[in-house]
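In case you want the letters, here they are:
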Amino acid sequence: MNISNNPSVSFAASGIGLDAEGRLALMVLEQQQTQEDSARTDKSLARERYVEASNDEVEAMRDKAGHLLVGAFVQGAATATASGIQMGDAIGGGESKGAKASADFGHGTAPVLGRAFGDSPAAADDANAKHAASLAEQARWQLEDANKVIDESEKTQDKALDWVSSVDANQASAETGIIAGLA
């Protein structure tokens, strides 16, 4: 609820004819409106943070996929190179110790290169995705908190408005009785 948009409180906005209790109720309304406005701002920021963190999480997952692909290509290239050396040596009819050593080295390093260029950066991407998911969860909690503040503020405003209306009605009734008694 927004008290400035509520026609039933137009009398309260000016404070005309309100006694101390009425002014106190008006102050409560204004304070609740300030809290509600602040909570709505917090809610908007939390939504933006949630979307941003979710986008970061998706981006980290895409980076992981890219790093795994690069690792697979590097590993495949090392294995293919080592196999090519072995085939060249076999086709050449001899078993060169240098060719065998090169092929063995290529086959042995292929998994290591695959992990270095794929799995390791992918693990870092997992960490980034987890961090982004954590930020998104925190933003979701902020949204829930802001919604609770807004709901509580609206309930308090409704109660204060009801009270101000009854005070105003009592004052109007008393004034009418006084005027009627003077007439």
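All values derive from a computational prediction rather than experimental measurement.

**Q** Just give me the short version of the overall build of the protein chain, but keep the residues and values in it.
**A** Tallying secondary structure elements over the protein chain gives 3 helices and 0 strands in all. Taken from N to C terminus, the helices and strands of the protein chain fall in the order α-α-α. For the protein chain, buried positions account for 23% of its 183 residues. For the protein chain, the share of sequence-separated contacts (at least 6 apart) that also reach a separation of at least 24 residues comes to 86%. Accessible surface, the protein chain as shown: approximately 11,600 Å² in total, 59% of it carbon and sulfur.

**Q** Account for the pattern of salt bridges, naming residues and giving values.
**A** A complete count under the given rule lists 5 salt bridges for this structure. A salt bridge links Lys64 to Asp126; the shortest N-O distance between them is 3.1 Å. Of the two residues, Lys64 sits in helix α2 (residues 20-91) while Asp126 sits in helix α3 (residues 97-182), which places them 62 residues apart along the sequence. Classification of Lys64 as partly exposed rests on a relative accessible area of 27%. Looking at Asp126, the relative accessible area reads 37%, which means it is partly exposed. Among the salt bridges present, the one from Glu137 reaches Arg140, with a minimum N-O distance of 2.3 Å. Taken together, the positions of Glu137 and Arg140, both in helix α3 and 3 residues apart, correspond to about one turn of that helix. Residue classification places Arg140 among the partly exposed positions, given a relative accessible area of 31%.

**Q** Residues and numbers for the environment of Asp56, please.
**A** Position of Asp56 relative to the elements: it lies in helix α2. A sequence separation of 77 residues divides Asp56 from Ala133, and the C-alpha atoms of the two residues are 8.4 Å apart.

**Q** Tell me about the confidence of the model for the protein chain, and please be specific about residues and values.
**A** When pLDDT is averaged across the protein chain, the result is 77; 85% of the residues are at 70 or more. Within the protein chain, no element has a lower average pLDDT than helix α1 (residues 10-14), which sits at 42, and none a higher one than α2, at 82. For residues 1-14, every residue scores under 50 in pLDDT, and the model assigns this stretch 26 contacts once sequence neighbours within four places are set aside.

What counts and what doesn't
- In every chain, residue numbers begin from 1 and rise along the written sequence.
- Per-residue local features are limited, in this predicted model, to residues with pLDDT of at least 70; the limit for side-chain atom pairs, both in listing and counting, is 80 or more; totals at the level of whole chains, interfaces and linings are taken over all residues.
- In computing side-chain values, all of the structure's heavy atoms are included and hydrogens and water are not.
- Helix and strand labels come from DSSP, where a helix needs a run of H or I of at least four residues and a strand needs a run of E of at least two; each type is numbered from the N terminus.
- Type-normalised accessible area, obtained with a 1.4 Å probe on protein chains alone, sets the label of each residue: buried when under 20%, exposed when over 50%, and partly exposed for intermediate values.
- Between two residues, a contact is recorded if the distance between any of their heavy atoms is within 4.5 Å.
- Accessible areas in this description were obtained via Shrake-Rupley with a 1.4 Å probe; residue shielding takes into account the shown protein chains only.
- Any carboxyl oxygen of Asp or Glu that lies within 4 Å of a side-chain nitrogen of Lys or Arg is treated as forming a salt bridge with it.
- Every residue gets a pLDDT, meaning the predictor's confidence in that residue, from 0 to 100.

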